[in-house]
Amino acid sequence: SATVLAACMFGSASAAELVVGFSQIGSESGWRAAETTVTKQEAEKRGVDLKFSDAQQKQENQIKALRSFVAQGVNAIFLAPVVETGWDDVLKEAKEAEIPVILLDRTIKAPDDLYLTAVTSDQVHEGKVAGEWLVKNAGDKKCNIVELQGTTGSSPAIARKKGFEEALAGHENFKIVRSQTGDFTRSKGKEVMESFLKAENGGKDICALYAHNDDMAVGGIQAIKEAGLKPGKDILVVSIDAVPDIFQAMAAGEANATVELTPNMAGPAFDVLDAYLKDKKEPPKWIQTESKLYTPADDPMKVYEAKKGLGY
Ligand code: GZL
């Protein structure tokens, strides 16, 4: 736009004129919906003109969106990359156009000069915290675990599996007997859990469900109940995100632990972008957000009330 052009011609754009293109994966989970809400709120707070694109979880739509942002001459791009690979070409185009790219909530496998920084949690740590809770709380009997993985090829699915397995190492009585993607959605999580229950003696041989996000866990809880078993008791339920609905499940005794992921990746991203546009100093390649374990001992309905309405 003319304002952006003027800003570019006469020095760096100030926050008032900043135009940022945001390629969001979609709204597959409550957590992702909250991230979108918070990103728009953070942009509003800073007077940033946010160009928003929802890719319906398709990488080709994200690549199209990035090309359109480059053509528009935005000042910066935020990208939540649905999968880890396939970004080099389009990120090279953004680099040639001297448009900095900041990754939100997921990482990619690409030369790190193709993006300014990544604002994400430590996803291996999240999986490890979930696994350590289970090892500590499932008793010393044989514990057969079923795993609902996140989107195939996404950094959280790869990392959360790795961290969880690290926690199980050395504890021979804990074993992942079935593992399949539920694509981070409730409906797919329920569908896959139904198949796990059928395959494992109606669920009687399953000690625990580990889901890479709460939405798949909530779908799994539904399937466990429909199979006539008690989630949270017959089958322990451990997941990640700390969205409001998992706290309702905890209050009902149907879920046992979740690892919190903040939906506010945009705040730190805008801060590092402002600093970079001012002094062109390269920030660290990773801005890490904190994780926190919640269990039913943490007054779940109080947490639910606090989180409800934050855009989930
Ligand atoms: C993790 C993020 C994941 C959430 C899911 O950083 O990418 O994507 O855990 C969402 O809820 O689908």
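Residues numbered from 1 in each chain as written. Predicted model: local features only at pLDDT ≥ 70, side-chain atom pairs only at ≥ 80, totals over all residues. Heavy atoms only, no water.

Participant: Explanation requested: the site of the ligand in the structure shown.
Facilitator: E28, D105, R106, R160 and D241 are the nearest of the 13 residues found near the ligand. Contacts to the ligand include R160, whose side-chain N or O atom sits 2.8 Å from an oxygen atom. Measuring from an oxygen atom of the ligand, one finds a side-chain N or O atom of N213 at 3.0 Å. Within the complex, the protein chains bury 100% of what would otherwise be the 320 Å² of accessible surface of the ligand. Broken down by secondary-structure element, the contributors of at least two residues to the shell around the ligand are helix 2 (30–46) and helix 6 (155–168). (Near = heavy atom within 4 Å. Polar contact = N/O pair within 3.5 Å; in protein donor to acceptor, adjacent residues only side chain to side chain. Areas by Shrake-Rupley, 256 points an atom, 1.4 Å probe, with all protein chains shown as cover. Helix = DSSP H or I, 4+ residues; strand = E, 2+ residues; numbered from the N terminus.)

Participant: Looking at this model, I keep getting lost on the packing of aromatic side chains. Mind explaining?
Facilitator: Each aromatic ring pair is described using two quantities: the centre-to-centre distance and the angle formed by the ring planes. On inspection of all chains with the given rule, the structure shows four aromatic pairs. For the ring pair F78 and F270, a centre distance of 4.8 Å and an interplane angle of 55° mean the geometry is tilted. Taken as a pair, F78 in strand 3 (residues 76–79) and F270 in helix 10 (residues 266–279) lie far apart in primary sequence, 192 residues in all. Taking relative accessible area as the criterion, F78 reaches 0% and is therefore assigned buried. For F270, a relative accessible area of 0% translates into the label buried. Over the face of the ring belonging to F52 we find K40, whose NZ or CZ atom lies 4.2 Å from the ring centre. (Phe/Tyr/Trp six-rings, centres within 6.5 Å; stacked < 30°, edge-to-face > 60°. Buried < 20%, exposed > 50% of the residue type's maximum accessible area, 1.4 Å probe, protein only. Lys NZ or Arg CZ within 6 Å of the ring centre and 35° of its normal.)

Everything listed is a geometric property; what it means functionally is a separate question.
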